[in-house]
Protein chains: 2
Amino acid sequence: MSINQTLIFGHKNPDTDSIMSSMVMANLENQLGNQAKAVRLGNINKETEYVFKYLGIETPELISDVEDGQNVILVDHNESTQSANNLSNAIIKKVVDHHTMNFVAPYQLYYRTEPVGCTSTVLYKMYKEYDIPITKNIATMMLSAIISDTLLFKSPTCTPDDKTIAEKLSKIAEVDINTYGTDLLKAGTDLSDYTPEQVINIDSKLFEKGGKKFKIAQINTADIDSVFKNKVYFEAAINDEIKKDNLDLYVFAATDILNSNSKIISLGNDSGIVEKAYGVTLDDNTAMLENVVSRKKQMLPKILENLD
Amino acid sequence: MSINQTLIFGHKNPDTDSIMSSMVMANLENQLGNQAKAVRLGNINKETEYVFKYLGIETPELISDVEDGQNVILVDHNESTQSANNLSNAIIKKVVDHHTMNFVAPYQLYYRTEPVGCTSTVLYKMYKEYDIPITKNIATMMLSAIISDTLLFKSPTCTPDDKTIAEKLSKIAEVDINTYGTDLLKAGTDLSDYTPEQVINIDSKLFEKGGKKFKIAQINTADIDSVFKNKVYFEAAINDEIKKDNLDLYVFAATDILNSNSKIISLGNDSGIVEKAYGVTLDDNTAMLENVVSRKKQMLPKILENLD
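Being a predicted model, the structure only gives us computed values, none of them experimental.

### Section: the overall build of chain A
Here comes step 1: Along chain A, the regular secondary structure elements total 11 helices and 12 strands.
Here comes step 2: The C-alpha radius of gyration computed for chain A amounts to 19 Å, which stays within 12% of the reference 19 Å derived for 308 residues, consistent with globular compactness.
Here comes step 3: Across the 308 residues that make up chain A, the buried fraction comes to 60%.
Here comes step 4: Sequence-distant contacts in chain A: of pairs separated by 6 or more residues, those separated by 24 or more amount to 62%.
Here comes step 5: When the 31 positive and 43 negative side-chain charges of chain A are each reduced to one mean point, those points stand 2 Å apart.

### Looking at the relation of the copies chain A and chain B
Here comes step 1: Mapping chain A onto chain B calls for a rotation angle of 180° and an axial translation of 0.0 Å; the resulting RMSD is 0.0 Å. Considering both components of the superposition, the chain copies are consistent with a two-fold axis. Closest to the rotation axis within chain A is the C-alpha of R112 of chain A, separated from it by 2.3 Å.
Here comes step 2: In this assembly the copies share their binding face: 100% of the residues contributing to the interface of chain A also contribute to that of chain B.

### Topic: helix 3 (residues 119–130) of chain B
Residues and elements named next belong to chain B.
Here comes step 1: Taking 1.5 Å as the rise per residue, helix 3 with 12 residues should run 16 Å; its terminal C-alpha atoms sit 17 Å apart, in good agreement.
Here comes step 2: Within helix 3, 9 of the 12 residues are buried, leaving the element largely enclosed by the surrounding structure.
Here comes step 3: Along helix 3, the residues classified as buried are T119, S120, T121, V122, L123, Y124, K125, M126 and Y127.
Here comes step 4: After helix 3 finishes, the residue D131 shows a positive phi value of roughly 60°.

### Overview of the interface of chain A and chain B
Here comes step 1: Tallying the contact residues gives 23 residues for chain A and 23 residues for chain B.
Here comes step 2: Approximately 2,000 Å² of surface area, both sides summed, lies buried where chain A meets chain B, with 53% of it carried by carbon and sulfur atoms.
Here comes step 3: Put simply, chain A and chain B have 2 salt bridges between them.
Here comes step 4: Note that E129 of chain A and R112 of chain B form a salt bridge whose closest N and O atoms lie 2.8 Å from each other.
Here comes step 5: The interface formed by chain A and chain B includes 11 residue pairs in polar contact (both at pLDDT 80 or more).
Here comes step 6: Those elements giving two or more residues to the side of chain A that touches chain B turn out to be strand 6 (101–105), strand 7 (110–113), helix 3 (119–130) and helix 11 (295–305) of chain A.
Here comes step 7: With 5 residues, strand 6 of chain A is the largest single contributor of residues to the side of chain A that touches chain B.
Here comes step 8: Along the lines of polarity and charge, the residues of the side of chain A that touches chain B split into 11 nonpolar, 6 polar and 6 charged.
Here comes step 9: Summarising the sheet, strand 7 of chain A and strand 7 (residues 110–113) of chain B pair through 3 bridges and their orientation is antiparallel. Bridging across to strand 7 of chain B, T113 of chain A finds its partner in Y111 of chain B.

### Examining the packing of aromatic side chains
Residue and element names in this part refer to chain B.
Here comes step 1: One pass over the structure, following the stated rule, counts 11 aromatic pairs over all chains.
Here comes step 2: Centroid distance Y50 to Y180: 6.0 Å. Interplanar angle 55°. Geometry classified as tilted. Taken together, the positions of Y50 in helix 2 (residues 46–55) and Y180 in helix 6 (residues 177–187) put the pair 130 residues apart, joining distant regions of the chain.
Here comes step 3: Overall, Y50 belongs to the partly exposed group, its relative accessible area being 24%.

### Description of the confidence of the model for chain A
Here comes step 1: Across chain A, the average pLDDT comes to 95, with 99% of residues at or above 70.
Here comes step 2: For this predicted complex, the interface confidence reaches an ipTM of 0.85, while the overall pTM sits at 0.87.

### Describing the packing of helix 2 of chain B against helix 4 (residues 136–150) of chain B
Residues and elements named next belong to chain B.
Here comes step 1: At their nearest, the axes of helix 2 and helix 4 sit 11 Å apart, and the two run at 160° to each other. Relative to helix 4, the element helix 2 is oriented roughly antiparallel. As for the relative orientation of helix 2 and helix 4, their crossing is right-handed in sense. Facing helix 2, whose interface residues are E47, V51, Y54 and L55, helix 4 presents N137, T140, M141, S144 and S148.
Here comes step 2: Here the residues of the contact of helix 2 with helix 4 are counted per class, giving 4 nonpolar, 4 polar and 1 charged.

### So, the pattern of salt bridges
Here comes step 1: Enumeration over the complete set of coordinates arrives at 38 salt bridges over all chains.
Here comes step 2: Between E49 of chain A and K53 of chain A there is a salt bridge; the shortest N-O distance is 3.3 Å. Within this pair, E49 of chain A and its partner K53 of chain A are both found in helix 2 (residues 46–55), separated by 4 residues, close to a single helical turn.
Here comes step 3: Overall, the relative accessible area of 65% leaves K53 of chain A in the exposed class.
Here comes step 4: The salt bridge involving D245 of chain B is made with K244 of chain B; its shortest N-O contact spans 3.6 Å.
Here comes step 5: For D245 of chain B, a relative accessible area of 21% corresponds to the partly exposed category.
Here comes step 6: Look at K244 of chain B and you get exposed, because its relative accessible area is 63%.
Here comes step 7: Beyond isolated ion pairs, a larger network of salt bridges with shared partners links R112, E114, K125, E129 and D161 of chain A together with R112, E114, K125, E129 and D161 of chain B.

### Overview of unusual backbone geometry
Residue and element names in this part refer to chain A.
Here comes step 1: Its identity as a non-glycine residue notwithstanding, E174 has a phi of 55°, on the positive side.
Here comes step 2: Relative to the assigned elements, E174 resides in the loop between helix 5 (160–173) and helix 6 (177–187).
Here comes step 3: Here N246, not a glycine, exhibits a phi torsion of approximately 60°, which is positive.
Here comes step 4: You can see N246 is positioned in the loop between helix 9 (231–245) and strand 10 (249–256).
Here comes step 5: You can call N246 exposed: its relative accessible area is 60%.

### As for the domain arrangement of chain A
All names here are of chain A.
Here comes step 1: For chain A, the assigned domains are domain 1 (6–186) and domain 2 (196–306).
Here comes step 2: Domain 1 and domain 2 are separated by 25 Å when their C-alpha centres are compared.
Here comes step 3: Listed per partner, the contact involves 17 residues of domain 1 and 18 residues of domain 2.
Here comes step 4: Here domain 1 is connected to domain 2 by 0 salt bridges.
Here comes step 5: Our count for the contact surface shared by domain 1 and domain 2 stands at 4 residue pairs in polar contact (both at pLDDT 80 or more).

### Topic: the sheet that holds strand 11 (residues 261–267) of chain B
Residue and element names in this part refer to chain B.
Here comes step 1: Taken in spatial order, the 5 strands make up an open sheet running 8-9-10-11-12, and their pairing is mixed. Where the open sheet ends on each side, the last strands, each with one partner, are strand 8 (204–209) and strand 12 (286–289). Ignoring which end each strand starts from, the neighbouring axes of this sheet average 20° apart.
Here comes step 2: As paired elements, strand 9 (residues 212–221) and strand 10 (residues 249–256) share 8 bridges and run parallel to each other. Note on strand 10: the bridge partner recorded for I219 is A254.
Here comes step 3: Taken strand by strand, helix 11 (residues 295–305) contacts strand 8, strand 9, strand 10 and strand 11, and its axis lies near 155° from that of strand 9.

Thresholds applied
Residues numbered from 1 in each chain as written. Chains lettered and ligands numbered in written order. Predicted model: local features only at pLDDT ≥ 70, side-chain atom pairs only at ≥ 80, totals over all residues. Heavy atoms only, no water. Helix = DSSP H or I, 4+ residues; strand = E, 2+ residues; numbered from the N terminus. Rg over C-alpha atoms; globule rule 2.2 N^0.38 Å. Buried < 20%, exposed > 50% of the residue type's maximum accessible area, 1.4 Å probe, protein only. Contact = heavy atoms within 4.5 Å. Lys, Arg positive; Asp, Glu negative; His and termini not counted. Charge placed at Lys NZ, Arg CZ, Asp CG, Glu CD. Least-squares fit on C-alpha atoms with pLDDT ≥ 70 in both. Expected span 1.5 Å × (residues − 1). Buried area = accessible area lost by both parts, 1.4 Å probe. Salt bridge = Lys/Arg side-chain N within 4 Å of Asp/Glu carboxyl O. Polar contact = N/O pair within 3.5 Å; in protein donor to acceptor, adjacent residues only side chain to side chain. Nonpolar A, V, L, I, M, F, W, Y, C, P; charged D, E, K, R; others polar. Pairing = 2+ DSSP bridges. Phe/Tyr/Trp six-rings, centres within 6.5 Å; stacked < 30°, edge-to-face > 60°. pLDDT = per-residue confidence, 0-100. Axes fitted to C-alpha atoms, helices over the stretch in contact; angles between N-to-C directions. Parallel < 35°, antiparallel > 145°, perpendicular 65-115°, else oblique. Left-handed = near helix turned anticlockwise from the far one by under 90°. Domains from an automatic or database assignment.

Have a look at this one:
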């Protein structure tokens, strides 16, 4: 892998936005005459796999570390805890994101983030700005990312920009948003091939604040009860991770994409934080959070607030 | 001052880019339907004054603090040490910048920075992206900022984007770049009305790294020798600041805009850092740095490297 070729990747435990946005950004860079290649920092989940099968294309190469001096572009994240190992010795040329920020660079770079629901929504604007044509495949990738991140526009993270742009993209992609979107989200709820360890790592993110370390993992489901049949196995897997990574808190949320609420398992020394945060009482480590679907807007801020 | 109206400002000790970019950004926001107003965090320097006289318009209101909950937009800076007092209790809605980054926001926002020589270069692209017309006055403001930050394209911070965009702006502004640019830069070299305390604060920036605090101040001149006739007065003023602000290092640079080099005064316990950084020997606290004109690209990085 040449360090002259810029590597583009999303966060660890990649979701559909991280994977699609890295490929969409790589295409943009190549169209602009910059040598760039999308890679990924983890396994493809079932939802993302649906897009690859739909398009009949190959997944990006898996990496875990970057070399010293490697040029990189980060999409869908900016914090080093969520990024490739050895990132501090790489050169970050660009960041395109839509998350809160915790970022230091002792050099100038291109950084673009907007308060929208999906990285691909920002990328769509960049394609327009640079006047780069959006092909049917690229449109399908961006549309899939927006549907995934906004739970088909039902998440409170969804903004008017996300919806308007998704509608434009659906025309280029030649798909009906609701049909394609429901199929995509449902594909992501299939847990049949996963071990409990894999389920809790489908989409988990590590956060740190004031010396405390915690993870919030989230899966989508159309049937919470069937997920919780395996509760004891998830608990064992979570407790293993808590021990291994020295975590103070682990929140695992199964989010019902049809009814827009989440049932959680909360474990770790600080597990009680969720009781304060949501005014609920944990019953055998679990609680139902009504109308809570967004990790970014409804889970992370509440936990951060109550962490002290 | 209503907290519903977004305040837009550049860094403390504002230069032409900080002042012009805040006004250009305010116009963009207003054109986009957002209530916004440019303000400034310090006195207007002679160079910037030249633009106001040329355009026959009023300077923005001076502020030092922002209220709790105030919506703000930062231009031409992102670090809180260079910004308004009480910034941590304001809500940063957007940042448009071209500097290195040291930024944390526990909420989503719009952030756009590019590795170019001037904030106004980024703003020009935003006007194009949003398809907002650039009037003659707005073009003159942006052009003035680019000429100032790039020393009429002579600074190593100048990029092809800065030059191309400046040329486009000069047509809208209906000025000859070289004539207007030389007049603008020369206006900035007039120190006759300033006390020594004011001279060292025309464009000084505070930096911090690993517990060390230092300032780099810079003025432009067409005649270094005449500036250094007042050396002892500058030294007294600098030593007062070092004591007052507990600084480890103060570098004052008089940059010759015609011959593209800088003569510096280095004071403070860490004054010797400049000797290591540039392979020079301080003679009575001063040294000539050949081909050094950019604080951002040629002064700050060398000092940071040698600070440990």
